[in-house]
Amino acid sequence: MKFTFTDKKVTLPRSVHDYAEKKVGKLERYFRTEPDASVVFSVEKGRNNVEVTVRAGGTILRAAESTSDMLASIDAAVADMERQLRKNKARLEKRLRKDAFVRSVEEAETSFVPEEPEEEFTIVRTKRFPIKPMSVEEAVLQMNLLDHAFFAFRNEDAGGAFAVVYKRTDGGYGLIEDGDE
């Protein structure tokens, strides 16, 4: 697994990076191709934040955790990612390694977490509406007027390409654009 570490507003000892590499590296067994892992460490208001993103063959897995201890945040983020993988294992079978979910003797003895049933993806409502060309600012305004968390539109500043604006948990706004250019 290839690792990229980023320390924001904090300087961590190499031992924390080594610990993260060891823990996140355990996820490699799930993937067919060698994954890239990005680990971002930060400290805000006395909380130790860890964001882990793993990319492998078109699959992107992300978890963020915040605790009073950096090592505990790493453990919690990796546990979240394993839970996500196990929860969606039937849908991910084609993308992941064939024996990815076979438990080893060591793991079976230390894990008391029951297997979670996989939930169905049920579409309960379908909306159809024309997607109009507009600027990003117009799209944010429209989203706020509708009191929605996101808004899909054609970005006139990008030649009419499909885009989505959304509200971020930090109070800002995000923009998702087509990356095939």
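Conventions adopted
Residues numbered from 1 in each chain as written. Predicted model: local features only at pLDDT ≥ 70, side-chain atom pairs only at ≥ 80, totals over all residues. Heavy atoms only, no water. Helix = DSSP H or I, 4+ residues; strand = E, 2+ residues; numbered from the N terminus. Buried < 20%, exposed > 50% of the residue type's maximum accessible area, 1.4 Å probe, protein only. Contact = heavy atoms within 4.5 Å. Salt bridge = Lys/Arg side-chain N within 4 Å of Asp/Glu carboxyl O. Core = buried A, V, L, I, M, F, W, Y, C linked by side-chain atoms within 4.5 Å. Patch = residues over 30% accessible without salt bridge, like charges linked within 9 Å, V, L, I, M, F, W, Y side chains within 5 Å. Areas by Shrake-Rupley, 256 points an atom, 1.4 Å probe, with all protein chains shown as cover. Lys, Arg positive; Asp, Glu negative; His and termini not counted. Charge placed at Lys NZ, Arg CZ, Asp CG, Glu CD. Polar contact = N/O pair within 3.5 Å; in protein donor to acceptor, adjacent residues only side chain to side chain. Pairing = 2+ DSSP bridges. Axes fitted to C-alpha atoms, helices over the stretch in contact; angles between N-to-C directions.

A. A look at the environment of Asp 75. Mapped onto the elements of the fold, Asp 75 is located in helix 2 (residues 70–87). For Asp 75, a relative accessible area of 33% gives the class partly exposed. Residues Asp 75 and Lys 23 lie 52 residues apart in sequence; the distance between their C-alpha atoms is 7.1 Å. Leaving out residues up to four positions away in the same chain, Asp 75 has contacts with Tyr 19 and Lys 23.

B. Structural detail: the pattern of salt bridges. Scanning all chains against the criterion turns up seven salt bridges. For Asp 80, the salt bridge identified is with Arg 83, shortest N-O distance 2.3 Å. Taken together, the residues span about one helical turn, with Asp 80 and Arg 83 both in helix 2 at a distance of three residues. By relative accessible area, Arg 83 is classed as partly exposed at 39%. Asp 147 is the partner of Lys 167 in a salt bridge, and the nearest nitrogen-oxygen pair spans 4.0 Å. Linking Lys 167 in strand 7 (residues 161–167) with Asp 147 in the loop between helix 5 (136–146) and strand 6 (150–155), this pair joins segments that are 20 residues apart in sequence. Taking relative accessible area as the criterion, Lys 167 reaches 36% and is therefore assigned partly exposed.

C. Here's a closer look at the nonpolar core. If you look at the biggest cluster of nonpolar residues, it comprises 23 residues, and the most contacted ones within it are Val 24, Leu 27, Phe 41, Val 50, Val 52, Val 54 and Met 81. Residue contributions to this core peak at six residues, all from helix 2. With residues up to four places along the chain from it excluded, the contact list for Leu 27 reads Met 1, Val 54, Val 78, Met 81, Glu 82 and Leu 85. Counting residues in hydrophobic clusters, the runner-up holds eight residues, among them Ala 139, Val 140, Met 143 and Ala 163.

D. Looking closely at a negative patch on the surface. On the surface, a cluster of negative charge is contributed by Glu 137, Glu 138, Glu 156 and Asp 157. Along the polypeptide, Glu 138 turns up in helix 5. Overall, the relative accessible area of 41% leaves Glu 138 in the partly exposed class.

E. Region of the structure containing the side chain of His 17. With respect to the helices, strands and loops of the structure, His 17 is situated in helix 1 (residues 14–25). Note on His 17: relative accessible area 11%, which makes it buried. At a separation of 3.1 Å, a polar atom in the side chain of His 17 contacts the side chain of Asp 7. Those residues in contact with His 17 that sit more than four places away from it in its chain are Phe 5, Asp 7, Leu 12 and Phe 41.

F. The arrangement of the sheet that holds strand 1 (residues 2–8) in detail. Ordered by their spatial adjacency, four strands build an open sheet running 1-2-3-4, and the pairing between neighbours is mixed. Pairing within the sheet leaves two strands with one partner each, and these edge strands are strand 1 and strand 4 (59–67). Strand-to-strand twist of the sheet, defined as the mean angle between neighbouring strand axes without regard to direction, takes the value 10°. By the bridge criterion, seven bridges tie strand 1 to strand 2 (residues 36–44) in an arrangement that is parallel. The residue bridging Asp 7 from the neighbouring strand is Phe 41, located in strand 2. Contacts between helix 1 and the sheet are confined to strand 1, strand 2 and strand 3 (47–56), with strand 1 contributing the most and set at about 135° to the helix.

G. Here's a closer look at unusual backbone geometry. Phi is positive for Lys 9, which is not a glycine, with a value near 60°. With a phi close to 50°, Lys 45 is a non-glycine residue in the positive phi region. Examined against the element boundaries, Lys 45 turns out to sit in the loop between strand 2 and strand 3. For Lys 45, a relative accessible area of 84% corresponds to the exposed category.

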